Amino acid sequence: MRIIEMLRKGNRTLLEMHMGMLFFGIVCQLVGALTIGNRWNYAPSLWFGVAFAAAGSIHMSRTLDRALSAGSDASGIVTKGYLFRYVIVAAVLIVISVTETLNPLVFFLGYMSLKVTAYLQPITHKLCNRLFHETDPVAEPLAEEVVQEGEIP
């Protein structure tokens, strides 16, 4: 129960993203195990990419938190964070390509779990609601304000 309480107090969106990345990684691993000939190079490349995507999502979350509290400097903070992640991924891809220790395309597939997670988010959100025994609040219309003639709403 302590783990569920810890997860409940954490960043819910980040948890949902990581669940989606894990699911995407498992699906890619199963497909790769059935279709790829060099399985020894496939699995480490894929899971390194998924782990890198998870680290990128944590960095993105912290960057957005910093930007939201920065006020007018928010766009600069977000841009710097994006460029930092982009440069790091490019550098890792170059190192992987030069050293040939991992497959760069499979690493990139694993890193793309960050993008696929956005599409899986409604599914992972429902799973988290079931896990935590929660329901989403029902949206209610805002009460209309009475505006006097000549006033600007």
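Preceding this paragraph is the structure being described.
S.K.: Can you walk me through the overall build of the chain in this structure?
M.R.: In terms of regular secondary structure, the chain is built from six helices and zero strands. In the chain, the succession of helices and strands from N to C terminus is α-α-α-α-α-α. Put simply, the chain has 153 residues, and 27% of those count as buried. Contacts spanning at least 24 positions in sequence make up 69% of the contacts within the chain whose residues lie at least 6 apart. Carbon and sulfur atoms provide 67% of the accessible area of the chain, an area that totals close to 11,200 Å².

S.K.: Where do I start with the side chain of Arg12 in this structure?
M.R.: Structurally, the position occupied by Arg12 is in helix H2 (residues 12–35). Here the side chain of Arg12 touches Asn129 through a polar contact of 2.7 Å, side chain to side chain. Look past the residues within four positions of Arg12 in its chain and what remains in contact with it is His125, Cys128, Asn129, Phe132 and Glu134.

S.K.: Got a minute to help me understand the nonpolar core in this structure?
M.R.: Most often, soluble globular proteins have nonpolar side chains that are buried together. Among the nonpolar cores identified, the biggest contains 13 residues, and Met21, Phe52, Tyr111 and Leu114 are the most heavily contacted of them. Elements represented by at least two residues in this core include exactly H2, helix H3 (39–68), helix H4 (74–99) and helix H5 (104–111). The leading source of residues in this core is H3, at four residues.

S.K.: I keep staring at H4 and nothing clicks. Help me out?
M.R.: In an α-helix, one turn spans 3.6 residues, which is why side chains three or four residues apart end up on the same side. Given a rise of 1.5 Å per residue, 26 residues ought to cover 38 Å, and the 38 Å separating the end C-alpha atoms of H4 matches this to within 8%. Every buried residue belonging to H4 is among Gly81, Arg85, Val89, Val92 and Ile96, and all of these are buried. Buried-residue contacts for H4 involve H3 and H5. Positive phi shows up at Glu100, right after H4, with a value of about 55 degrees.

S.K.: Help me out: how do you make sense of the side chain of Thr124 in this one?
M.R.: Along the polypeptide, Thr124 turns up in helix H6 (residues 113–131). We classify Thr124 as buried; its relative accessible area is 5%. The residues touching Thr124, leaving out its near neighbours within four places in the chain, are Glu16, Met19 and Gly20.

S.K.: Explanation requested: the packing of H2 against H3 in the structure shown.
M.R.: The axes of two packed helices give the description: the angle between them and the distance between them. The interhelical angle for the contact between H2 and H3, taken along N-to-C directions, is 165 degrees, at an axis separation of 10 Å. If you check the angle between H2 and H3, you find them roughly antiparallel. By crossing handedness, the relation of H2 to H3 is classed as right-handed. In contact with Leu14, Met17, His18, Met21, Leu22, Gly25, Ile26, Cys28, Gln29, Gly32 and Ala33 of H2, H3 contributes Arg39, Tyr42, Ala43, Leu46, Trp47, Val50, Ala53, Ala54, Ser57, Ile58 and Ser61. Here the contact of H2 with H3 is composed, by residue class, of 15 nonpolar, six polar and one charged.

S.K.: I tried to follow the environment of Gly56 on my own but got confused; where do I start?
M.R.: Of note, Gly56 is situated in helix H3. Through-space distance from the C-alpha of Gly56 to that of Gly81 is 9.9 Å; in sequence the pair is 25 residues apart.

S.K.: So what exactly am I meant to see when it comes to the pattern of salt bridges here?
M.R.: Counted according to the given criterion, the structure contains two salt bridges. Of the charged contacts in the structure, one is a salt bridge between Glu16 and Arg12, with a shortest N-O distance of 3.4 Å. Of the two residues, Glu16 and Arg12 are both situated in helix H2; the distance of four residues between them amounts to about one turn of the helix. With a relative accessible area of 2%, Glu16 lands in the buried category. Residue Glu134 pairs with Arg12 through a salt bridge whose shortest N-O separation is 2.7 Å. With Glu134 in the segment after H6 and Arg12 in helix H2, this residue pair connects regions lying 122 residues apart in the sequence. A network of salt bridges, in which partner residues are shared, links Arg12, Glu16 and Glu134.

Quick notes on the rules
- Residues numbered from 1 in each chain as written.
- Predicted model: local features only at pLDDT ≥ 70, side-chain atom pairs only at ≥ 80, totals over all residues.
- Heavy atoms only, no water.
- Helix = DSSP H or I, 4+ residues; strand = E, 2+ residues; numbered from the N terminus.
- Buried < 20%, exposed > 50% of the residue type's maximum accessible area, 1.4 Å probe, protein only.
- Contact = heavy atoms within 4.5 Å.
- Areas by Shrake-Rupley, 256 points an atom, 1.4 Å probe, with all protein chains shown as cover.
- Polar contact = N/O pair within 3.5 Å; in protein donor to acceptor, adjacent residues only side chain to side chain.
- Core = buried A, V, L, I, M, F, W, Y, C linked by side-chain atoms within 4.5 Å.
- Expected span 1.5 Å × (residues − 1).
- Axes fitted to C-alpha atoms, helices over the stretch in contact; angles between N-to-C directions.
- Parallel < 35°, antiparallel > 145°, perpendicular 65-115°, else oblique.
- Left-handed = near helix turned anticlockwise from the far one by under 90°.
- Nonpolar A, V, L, I, M, F, W, Y, C, P; charged D, E, K, R; others polar.
- Salt bridge = Lys/Arg side-chain N within 4 Å of Asp/Glu carboxyl O.

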